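Examining the three-dimensional arrangement
Here is how the chains run, residue by residue.
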Amino acid sequence: VNTDAWLDDIHAQLRDLAARSLGRSLREVSHDGRFVKVAGRRLLNLASNDYLALSQHPALAQAVAKAAHELGTGAGASRLVAGHMPLHAEVERRFAQFKHAQAALICPTGYMANLAAVSSLAGEGDLICLDKLNHASLIDAARASGATVRVYPHGDLSKLDRLLSRGDAQKRKLIVTDSVFSMDGDTADLHALCDLADQHDAILLVDEAHGSGVLGSSGAGLAELQNVSERVDVVISTASKALGSLGGIITSKAAVIDLIVNRGRAFIFTTGVPPTQAAAINAALDVVRDEPWRRQRVLELSASLRAELLQRNWQLPPTPVPTPIVPLITGSAESALALAAHLSDQGFFAPAIRPPTVAPGAARVRLSLRADIEPAEIQSLLAALDGWRGRDDRNN
Ligand SMILES: Cc1ncc(COP(=O)(O)O)c(C=O)c1O
């Protein structure tokens with residue numbers, strides 16, 4: 001490669017992103033309970049998906065330490081070669097139970113679980129229908145599968161119905177949706193999606209990344225809350241959010257899991273999750289069972305924050321049930337950056353979310369709540385937001 005020209009091109013791309021306020025860079029964030037330390041300042045963490053505050057729970061830390069001492073820190077091979085350890089089997093058995101499913105399979109991340117599941121279930125000649133606001137990992141998985149991909153406007157099930165009707169010639173039909181939409185914090189209507197799947201003989205895959213551990217009577221997710229656990233064909237969960245560690249778990253019928261073990265390249269051609277990670281997930285499942293106050297608390301915080309924001313005329317995406325995600329949509333990337341900077345000045349860490357993570361013109365600050373936030377901290381946050389509005393008015 002002609003290094004100069006190559007690097008000139010890269011610098012031009014980076015300059016272009018920066019000029020459009022779309023540049024991204026890593027910043028070091030030290031975690032300390034519900035606070036983070038960023039550039040020497042201690043801020044309330046409103047930016048993590050650690051909804052139940054489990055990533056620093058002593059039970060998880062102890063389980064990880066024990067697994068590390070007894071079993072080591074790596075699985076050493078792909079699960080199908082020499083990497084399938086008893087702790088993996090235990091996570092999968094327990095997760096199947098937790099999700100009211102026949103069987104489960106753990107992949108290293110939720111992203112990879114989506115890739116493995118979607119590309120095992122649909123391929124060339126098949127049809128995959130995606131909600132417009134689905135997570136990027138589902139979009140990437142659908143594209144990678146080689147199937148025909150159609151996108152319906154967010155929550156527009158009549159459009160989905162039409163797409164599925166038109167897809168009659170396709171061999172298989174797969175409907176793919178988030179349960180809790182990661183940037184809007186609203187929920188899918190799984191009942192209606194199950195009905196459509198039945199009518200069109202389509203497979204329904206639901207990504208419960210943000211519902212697992214938080215929604216439903218036992219914390220199993222939106223499918224449990226909406227009483228459709230038996231009707232959803234494939235569920236993806238991740239341990240990276242409410243469960244406080246990392247790992248993507250597919251739950252479904254035993255035959256589906258067998259197929260993914262045989263066909264899921266993102267499962268087959270990667271090393272099994274370390275035993276330490278499997279131990280953390282098992283411990284997290286214990287805490288979810290034994291400490292239901294955590295999910296109740298985070299949902300109460302969300303309901304009261306949403307009510308206060310609506311009273312103050314913030315436009316929030318409507319949702320039938322509160323979830324830990326509360327987006328403050330500002331519009332332009334610049335305005336989202338300015339709000340994030342204002343919140344940071346006031347002691348809150350909630351970075352701006354900009355395109356391409358969200359649509360152009362829908363940049364936002366995404367607040368995500370945790371079970372260990374104090375109600376008084378929500379009041380201070382509201383005061384900071386009132387200050388922002390006041391500042392806006394003075395500028396106009
Ligand atoms: C809806 C959704 N699915 C999947 C993922 C990927 O999960 P993981 O972080 O475990 O790869 C995320 C977030 O990262 C997500 O928000």
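Described in the following lines is the structure provided in the data block.

Cut-offs used in this document
- Residues numbered from 1 in each chain as written.
- Predicted model: local features only at pLDDT ≥ 70, side-chain atom pairs only at ≥ 80, totals over all residues.
- Heavy atoms only, no water.
- Helix = DSSP H or I, 4+ residues; strand = E, 2+ residues; numbered from the N terminus.
- Rg over C-alpha atoms; globule rule 2.2 N^0.38 Å.
- Buried < 20%, exposed > 50% of the residue type's maximum accessible area, 1.4 Å probe, protein only.
- Contact = heavy atoms within 4.5 Å.
- Areas by Shrake-Rupley, 256 points an atom, 1.4 Å probe, with all protein chains shown as cover.
- Axes fitted to C-alpha atoms, helices over the stretch in contact; angles between N-to-C directions.
- Parallel < 35°, antiparallel > 145°, perpendicular 65-115°, else oblique.
- Left-handed = near helix turned anticlockwise from the far one by under 90°.
- Nonpolar A, V, L, I, M, F, W, Y, C, P; charged D, E, K, R; others polar.
- Pairing = 2+ DSSP bridges.
- Expected span 1.5 Å × (residues − 1).
- Arc of directions from axis to C-beta.
- Patch = residues over 30% accessible without salt bridge, like charges linked within 9 Å, V, L, I, M, F, W, Y side chains within 5 Å.
- Salt bridge = Lys/Arg side-chain N within 4 Å of Asp/Glu carboxyl O.
- Near = heavy atom within 4 Å.
- Polar contact = N/O pair within 3.5 Å; in protein donor to acceptor, adjacent residues only side chain to side chain.
- Phe/Tyr/Trp six-rings, centres within 6.5 Å; stacked < 30°, edge-to-face > 60°.
- Lys NZ or Arg CZ within 6 Å of the ring centre and 35° of its normal.

**Observations concerning the overall build of the chain**
A tally of helices and strands in the chain yields 15 helices and 14 strands. Taking 2.2 N^0.38 as the reference for a compact globule, 396 residues should give roughly 21 Å; the C-alpha atoms of the chain span a radius of gyration of 22 Å, in line with that estimate. Referenced to the eigenvectors of the C-alpha coordinate spread, the extents of the chain come out at roughly 60 × 55 × 55 Å. A buried classification covers 53% of the 396 residues belonging to the chain. For the chain, contacts bridging at least 24 residues in sequence account for 71% of all contacts bridging at least 6. Roughly 17,800 Å² of accessible area belongs to the chain as shown, and the carbon and sulfur atoms make up 52% of that amount.

**Considerations on the packing of helix H4 (residues 86–98) against helix H12 (residues 275–290)**
Interhelical geometry of H4 versus H12 gives an angle of 30° and a closest axis separation of 9 Å. Between H4 and H12, the angle falls in the class roughly parallel. For the pair H4 and H12, the sense of crossing is left-handed. Residue-level contacts link Leu87, His88, Glu90, Val91, Arg94, Phe95 and Phe98 of H4 to Pro275, Ala278, Ala279, Ile281, Asn282, Leu285, Asp286, Val288 and Arg289 of H12. Here the residues of the contact of H4 with H12 are counted per class, giving 10 nonpolar, 2 polar and 4 charged.

**A few points about the sheet that holds strand S13 (residues 352–353)**
As summarised here, the arrangement of the 3 strands in space is S11-S14-S13, forming an open sheet in which the pairing is antiparallel. With one partner strand each, in any of the chains shown, strand S11 (325–331) and S13 form the two edges of the open sheet. Bridge count for S13 against strand S14 (residues 363–368) is 2 bridges, and the pairing is antiparallel. In the strand pairing of S14, Ala352 is matched with Val365. Where helix H13 (residues 293–311) meets the sheet, its contacts fall on S11 and S14, and the angle it forms with S11 comes to roughly 30°. Contacts from helix H14 (residues 333–345) reach S11, S13 and S14 within the one sheet, and its direction differs from that of S14 by about 35°.

**Side note on helix H2 (residues 58–71)**
Residue pairs spaced three or four apart in an α-helix point in one direction, given the helix's 3.6 residues per turn. For H2, which comprises 14 residues, the first-to-last C-alpha distance of 19 Å matches the rise-based estimate of 20 Å (1.5 Å per residue) to within 8%. Every buried residue of H2 is listed here: Leu60, Ala63 and Ala67. For H2, the arc enclosing every buried residue in end-on projection is 65°, short of the 170-degree limit, so these residues lie on one face. With respect to the buried face of H2, the exposed residues turned more than 90 degrees away are Pro58, Gln62, Lys66 and His69. Those residues of H2 that are buried lie in contact with H4 and H12. Among the residues trailing H2, Gly72 stands out with phi positive, at a value near 95°.

**Let's talk about a nonpolar patch on the surface**
A contiguous nonpolar patch, built from Val1, Trp6 and Leu7 and spanning about 350 Å² of accessible area, is present on the exposed surface. Along the chain, Val1 falls in the segment before helix H1 (3–19).

**Examining the pattern of salt bridges**
Taken as a whole, this structure holds 17 salt bridges when the rule is applied. A salt bridge links Glu291 to Arg294; the shortest N-O distance between them is 2.7 Å. The pair formed by Glu291 and Arg294 is uniform in burial state, with each residue classed as buried. The partner of Arg312 in a salt bridge is Glu308, and the shortest N-O contact between them spans 2.8 Å. Three or more residues are tied together by salt bridges with common partners; here these are Arg94, Asp286, Arg289 and Asp290.

**Details of the site of the ligand**
In the vicinity of the ligand, 14 residues are found, and the nearest of them are Gly110, Asp207, His210, Thr238 and Lys241. Note that an oxygen atom of the ligand is positioned 2.8 Å from one of the backbone N or O atoms of Gly110. The separation between an oxygen atom of the ligand and a polar side-chain atom of Ser240 is 3.0 Å. Surface burial for the ligand is 85%, taken as the share of its 380 Å² of free accessible area covered by protein chains. Considering every element that reaches the shell around the ligand, the biggest residue donor is helix H5 (residues 110–121), with 3 residues.

**Topic: the packing of helix H7 (residues 157–166) against helix H8 (residues 190–200)**
Remark: H7 packs on H8, axes separated minimally by 10 Å, with the N-to-C direction vectors making an angle of 15°. With respect to their mutual orientation, H7 and H8 come out roughly parallel. Regarding H7 and H8, the two cross each other, and that crossing is right-handed. Facing Leu157, Leu160, Asp161, Leu164 and Ser165 of H7, the residues of H8 in contact are Ala192, Leu193, Leu196, Gln199 and His200.

**Brief notes about the packing of aromatic side chains**
How two aromatic rings sit relative to each other is given by the distance of their centres and the angle of their planes. Counted according to the given criterion, the structure contains 1 aromatic pair. Seen from the ring of Phe35, Arg42 lies directly overhead, with NZ or CZ sitting 3.9 Å from the centre. Sitting over the ring of Trp314, Arg389 keeps its end group 4.1 Å from the ring centre.

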